[in-house]
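# Structural description and commentary
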Amino acid sequence: MNIYKVEVLAAMVMLFHLAVCPFTKVEESFNIQAMHDILYHGLDIKSYDHLVFPGVVPRTFLGPMAVSITVAPLVSITNFLQISKFFTQFIVRCCLGAFVLFGVSRFADGVFKKFGSSVKNWFYITMMSQFHFMFYITRPLPNVFALSLVMMALGSWLKQQHGRFIWYSAAACLIFRAELALYLGLVVLMELAVGRLSLIKLLKHAIPSAILFIGSTVLVDSFFWQRWLWPEGEVLWYNIILNKSSAWGTEPFLWYFYSAIPRAMVFSIFLVPLGLYFSPRLRPLIFPAVGFVFLYSILPHKELRFIIYVFPVFNVAVGLALSRLWMNSSKSKMQKLVAVGAVLHLLGNLSMSAGFLYISRHNYPGGVAMRYFHQLTPPHSKVHVHIDVATAQTGVSRFTQLNNNWIYNKTEDLSPGGPDMMSYSHLLIGANSVKDKALYPYKSTHTVELEIHGFDGFKITRNPSAPFSLKMSPKIYILKKKIK
């Protein structure tokens, strides 16, 4: 398969995931709001969302700036044509995904140089068959902004371009995700140990890159946050030193190995050991990835996205196994059978990906509620809508606030049924049913405009051909204040 065709196909798979799930969640809130505010508010910092609703720790604006500057000409055209602002959210997420795929292409070039074109093609095919990586690359998370740089760093390492590797690594660690020093630091230690990288060359690149990237993020982010700070330094202190991230949930030490990696790799995980068996040259590539996951497992708070950088590396082993099995398939009927069976695992991956994507589509009731709210309510109506936490965390962003003459409010901790809540013309409230206590204070003062359902697990059916189906339940209610 022509490598350019496979890269175009990867972009199409990315776009499909984005089109099916166009909304964002609370973890992506800072970056999606930052990109909106850069594009629509410019230097009017007082209008930015992060100053009104700051997160637990500050994040850098350098990633959102890079995306916003890239898409600004196209956004100007869409604004001139009066295309829905929500389409701009699609544009910025598409741009972010393109950044990641560019980094993946540089990594794949390194794979080509070290293992050949066949492995590179199978690497891409395997990656596209899996859900989580392709789903996440358009999601505006700090991990995803760092992912592009990590891929370029690893690609440079495979091509033995140590200077570029150090600069890309420094940008990823110092601007976006400090814990990547564990991963990329293992690569540096290994290169120093075998003599491919000298300490002098390391310092020659590491010192100026550290000065440049720390200086850049401090200057830019201090302006946007209106105080002196190094965002990733504060994140490192909060998550690693203070270990405050555990407040968001904890998992067992080996959770990444028995849950996150198998879910992300799906059936491909069984071919990773085979790839290592076929080629000892893979081991230096796999070792830092496994070491990073092991070291990062010390932190009790775990999420799949925290280790997203290792999935492409593991897929190189899968690609090598598939390449070797396919090349040997002509030697005997048994080897041909094994090769066909190995290739068919990709269909299993695709089936799982389709299921994951279908579930994910129903995981954004807040975004769906905002879409229907704008369809139900005449655009010239006098609207002052309150968006509660449950709604804001499941799909609402400033890109979904389409009417400039409406007032959107996300103020938290207001008394249910109190004067403030009663002052709004509409309410978007998270609740499990019309009898939910969250809706009780508005029983006599508001009417239910719409009930939005979302994914709530699985249920067993009596249909042998489809023994399981999605269980959907009410998640968000749109309320309208009665006119006296």
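What comes next is a walk through the structure. Given the structure is predicted, the values throughout are model-derived calculations rather than measurements. (Residues numbered from 1 in each chain as written. Predicted model: local features only at pLDDT ≥ 70, side-chain atom pairs only at ≥ 80, totals over all residues. Heavy atoms only, no water.)

So, on to unusual backbone geometry. The phi torsion at Q82 lies on the positive side, around 60°, for a residue other than glycine. Tracing the sequence through the fold places Q82 in the loop between α4 (62-80) and α5 (85-115). Unusually for a residue other than glycine, V266 sits at a positive phi of about 55°. Positionally, V266 belongs in the loop between α13 (255-265) and α14 (272-278). According to the relative accessible area criterion, V266 is buried, its value standing at 10%. (Helix = DSSP H or I, 4+ residues; strand = E, 2+ residues; numbered from the N terminus. Buried < 20%, exposed > 50% of the residue type's maximum accessible area, 1.4 Å probe, protein only.)

Moving on, we get to helix α2 (residues 29-41). With 13 residues, α2 extends 17 Å between its outermost C-alpha atoms, agreeing within 8% with the 18 Å of an ideal straight helix rising 1.5 Å per residue. Of all 13 residues in α2, ten are buried, a share of seventy percent or more. All of the buried residues along α2 are F30, N31, I32, Q33, A34, M35, H36, D37, I38 and L39. Tucked into the core, α2 has its buried residues touching α3 (49-52), α4, α5, α8 (142-158) and α11 (199-225). Just beyond α2, the residue with positive phi is G42, at close to 55°. (Expected span 1.5 Å × (residues − 1). Contact = heavy atoms within 4.5 Å.)

Among the structural elements, H426 can be located in strand β3 (residues 426-430). In terms of polar contacts, H426 uses its side chain to reach the side chain of S425, at 2.8 Å. With residues up to four places along the chain from it excluded, the contact list for H426 reads F373, T377, V383, H384, V385, H386, L479 and K480. (Polar contact = N/O pair within 3.5 Å; in protein donor to acceptor, adjacent residues only side chain to side chain.)

Moving on: a nonpolar patch on the surface. A cluster of nonpolar side chains, contributed by L182, F253, L254, Y258, F294, L295 and I298, occupies part of the molecular surface with about 670 Å² of accessible area. Position of Y258 among the secondary structure elements: in helix α13. (Patch = residues over 30% accessible without salt bridge, like charges linked within 9 Å, V, L, I, M, F, W, Y side chains within 5 Å. Areas by Shrake-Rupley, 256 points an atom, 1.4 Å probe, with all protein chains shown as cover. Salt bridge = Lys/Arg side-chain N within 4 Å of Asp/Glu carboxyl O.)

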